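# A closer look at the structure
Chain by chain, the residues run as shown.
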Amino acid sequence: MKSIVVFWCFCIVGICYVYAIDSNRVDSLLLKLDQSIKKRPIYMEQKELRLAKLRRQLLQLISEEEHFAILGALLDEYRSFNTDSAFYVAEEREQIAMRLGNREYIDNARMNKADVLGMTGMYKEAMDLMRNIHAERLSKNLRPYYYHIYRTIYGLMADYAVTKYERKLYTELTDKYRDSLLLVNKDNLLIHTLIQSDQYNVRNEYDKAICLLTDYLAQQKEYEHDVAICAYTLSESYRLKGDKEKEKEFLIVSAIADMTTAVREYISLRKLAILLYQEGDIERAYSYVKICMEDAAACNARLRKLEILEIFPIINDAYQQKTEKQQEQMKWTLASISMLSFFLLLAIFYVYKQMKRLAVARKEVIDTNKRLKELNEELHLSMHKLKEANHSIAENSYLKEEYIGRYMDQCSVYLEKMDNYRRSLGKIAATGNVEELYKNIKSSKFIEGELKEFYANFDNTFLQMFPTFVEDFNALLTNDEQISLKTGERMNTELRIFALIRLGISDSVKIAQFLRYSVTTIYNYRTKVRNKAAGDRNLLEQEVMKIGKSKD
């Protein structure tokens, strides 16, 4: 018995924990939605700029085919933004198609008109246009659009049907065109996902629809209009399943995408407002439904205006009642505060005399504490600078000692070599063999050999002090741009340049003199390597200076 009680306690705690996580996520998304609404003017301005750019393209000297294509892009922008403009663009496309005599263009333009008419609730006019278009003569690209329009219009007619017979008839037709869409839209991942999930919902297979839509949304990184549509469909799956919290979550995701993509014809924000109203969040519900009403009016989306008019008076009345109640409470609160203020003033007058003496002492304590705090911060800063200076001095001392010892030895060796070279030239000169003497003087073999040995000594010395320099330097570059060395080679020119930078020699002139290259060549090498940086190219040389330093 005891174990059963413990088991149920764990279950209850687990459920509460999951609910708390979901609640926190919903609250976070609501804040993000509010921020998106505040930025709506920016998104609208960006939308207007895109529209203006397309309209300017139409004024250029272009062919009829190009004109038709640009109008198609303009129609896509207007479709969920302004139905009047969208219909005007669709009519203009039809006129161009008629002038060109292109049957495919004509059918496409007429379907555009039917699509817009369906959005405005003019189903009869839309169906009259569609009946003059024959599916069998449409191209493979246009056939999915044909079935989409029929499915959408019949779906809307089923939603607004008055009698059961009409609802059943239009629902069957919707199912028929949904099946056709699934057959012709296998290559379009978005449309196929939406239609398949819609079919799952109709068949009460909500988990399949949720799984399909969740997988698709996981691949989308930005809030685009495709996300808005998919997230809304996912919220419908959760609604049908009875999971109100998840329904609300994905309505918010959909609404955020609607706001950021600057569309005016949408459903998610209105449905979210109804949910929030039912939960008692009247202010948000009123704010959201007001935005919906303004957008529906600006877009001239008649169906959306009718839908909003059903709920707007209810939410508006609740908001007004809440406002009036708050005002009444505020009156009583102000009266209470006034009385309390009077007594508080008397108390303050009495306490003032007592506090006056303490004020001076408190000010002195505060000033002292402030000064101590400043001194403490200065002390910490000085300690930090001193520590850095000690590290730098220790490192520089080590480098200087190491290099002085090595290069004193190397200078001694070079002096001996130069003396030997001088003697060899003297012997040749003593024999009177001028040609041999001139040949030896002109030859660069001796210098090249010495330079090779010099650079080898430099490589060995440097890598003895920084054994992992090559690996650490390559770690700062992208994987496909890392420096690989030839067999027997310890460092190459690129590595030597940045080895000198690590030693504190950053002047390209000095590096060029050291490596016997032109300043331009050294500059090109440095630029080329910086472009290979895995991180910020401008910080590469600062990162190089950190190689070999101890990490405190």
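Residues numbered from 1 in each chain as written. Predicted model: local features only at pLDDT ≥ 70, side-chain atom pairs only at ≥ 80, totals over all residues. Heavy atoms only, no water.

As recorded in an unreviewed UniProt entry, the protein chain goes by DUF6377 domain-containing protein and comes from Bacteroides caccae CL03T12C61.

## Focus: the overall build of the protein chain
Across its full length, the protein chain holds 22 helices and 0 strands. Counting the 552 residues in the protein chain, one finds 38% classified as buried. Accessible area of the protein chain: about 34600 Å², with a carbon and sulfur share of 57%. (Helix = DSSP H or I, 4+ residues; strand = E, 2+ residues; numbered from the N terminus. Buried < 20%, exposed > 50% of the residue type's maximum accessible area, 1.4 Å probe, protein only. Areas by Shrake-Rupley, 256 points an atom, 1.4 Å probe, with all protein chains shown as cover.)

## Regarding the packing of helix α2 (residues 40-58) against helix α3 (residues 64-79)
In the contact formed by α2 and α3, the axes pass within 10 Å of each other and the chain directions differ by 165 degrees. Considered as vectors, α2 and α3 are oriented roughly antiparallel to each other. Regarding α2 and α3, the two cross each other, and that crossing is left-handed. In this structure, α2 uses K47, R50, L51, L54, R55, Q57 and L58 to contact α3, whose residues at the interface are H67, I70, L71, A73, L74, E77 and Y78. Considering only residue class, the contact of α2 with α3 consists of 8 nonpolar, 2 polar and 4 charged. (Axes fitted to C-alpha atoms, helices over the stretch in contact; angles between N-to-C directions. Parallel < 35°, antiparallel > 145°, perpendicular 65-115°, else oblique. Left-handed = near helix turned anticlockwise from the far one by under 90°. Contact = heavy atoms within 4.5 Å. Nonpolar A, V, L, I, M, F, W, Y, C, P; charged D, E, K, R; others polar.)

## Examining the packing of aromatic side chains
Counting across every chain of the model gives 19 aromatic pairs. Ring plane angle 15 degrees and centroid distance 5.9 Å describe the contact between Y154 and Y177, whose orientation is recorded as stacked. Of this pair, Y154 sits in helix α7 (residues 143-159) while Y177 sits in helix α8 (residues 164-184), and the two are 23 residues apart along the sequence. As far as the burial class goes, Y154 and Y177 line up, both buried. (Phe/Tyr/Trp six-rings, centres within 6.5 Å; stacked < 30°, edge-to-face > 60°.)

## So, empty space enclosed by the protein
In this approach, a probe sized like a water molecule rolls over the atoms, and the result shows the empty space that is left. According to the stated counting rule, one finds 1 cavity of 30 Å³ or more in the structure shown. Volume-wise, the largest cavity comes out at about 30 Å³. Every residue along the wall of the largest cavity is listed here: R264, Y266, R270, C292, A296, R304 and I308. Taken together, the elements giving at least two residues each to the lining of the largest cavity come down to α14 (282-299) and α15 (302-431). Here the residues of the lining of the largest cavity are counted per class, giving 4 nonpolar, no polar and 3 charged. (1 Å grid on protein atoms, 1.4 Å probe; cavity = no way out; pocket = protein on both sides within 12 Å on 5 of 7 lines; lining within 4 Å. Points joined across faces, edges and corners; volume = space filled by probe spheres on them.)

## Focus on the side chain of S254
Tracing the chain through its elements places S254 in helix α12 (residues 244-260). Residues in contact with S254, not counting those within four places in the same chain, are A228, A231, Y232 and S268.

## Regarding a nonpolar patch on the surface
Residues M339, F342, F343 and L346 make up a contiguous nonpolar surface patch of about 480 Å² in total accessible area. Mapped onto the fold, L346 is located in helix α15. (Patch = residues over 30% accessible without salt bridge, like charges linked within 9 Å, V, L, I, M, F, W, Y side chains within 5 Å. Salt bridge = Lys/Arg side-chain N within 4 Å of Asp/Glu carboxyl O.)

## Looking at α8
With 21 residues, α8 extends 30 Å from end C-alpha to end C-alpha; this agrees with the ideal 30 Å at 1.5 Å per step. Within α8, burial applies to Y170, T174, Y177, R178, S180, L181 and L182. Turning to α8, the residues buried within the fold contact α7 and α9 (189-202). (Expected span 1.5 Å × (residues − 1).)

## Points about helix α11 (residues 225-241)
Given 3.6 residues per helical turn, the α-helix brings residues three or four places apart onto the same face. The terminal C-alpha atoms of α11, which comprises 17 residues, lie 25 Å apart, in line with the 24 Å expected from a rise of 1.5 Å per residue. All of the buried residues along α11 are V227, A228, C230, A231, Y232, T233, L234, S235, E236, S237 and Y238. Along its buried surface, α11 packs onto α9, α10 (206-218), α12 and α13 (268-279). Looking one or two residues beyond α11, the residue adopting positive phi is G242, at roughly 95 degrees.

## Focus on the pattern of salt bridges
Two side chains bearing opposite charge may form a pair once their charged atoms approach each other closely. The full count for this structure, using the stated rule, is 29 salt bridges. Between R151 and D198 there is a salt bridge; the shortest N-O distance is 2.8 Å. Of this pair, R151 sits in helix α7 while D198 sits in helix α9, and the two are 47 residues apart along the sequence. For R151, a relative accessible area of 18% puts it in the buried group. Judged by its relative accessible area of 19%, D198 falls in the buried class. The network of salt bridges with shared partners includes R151, D175, R178 and D198.

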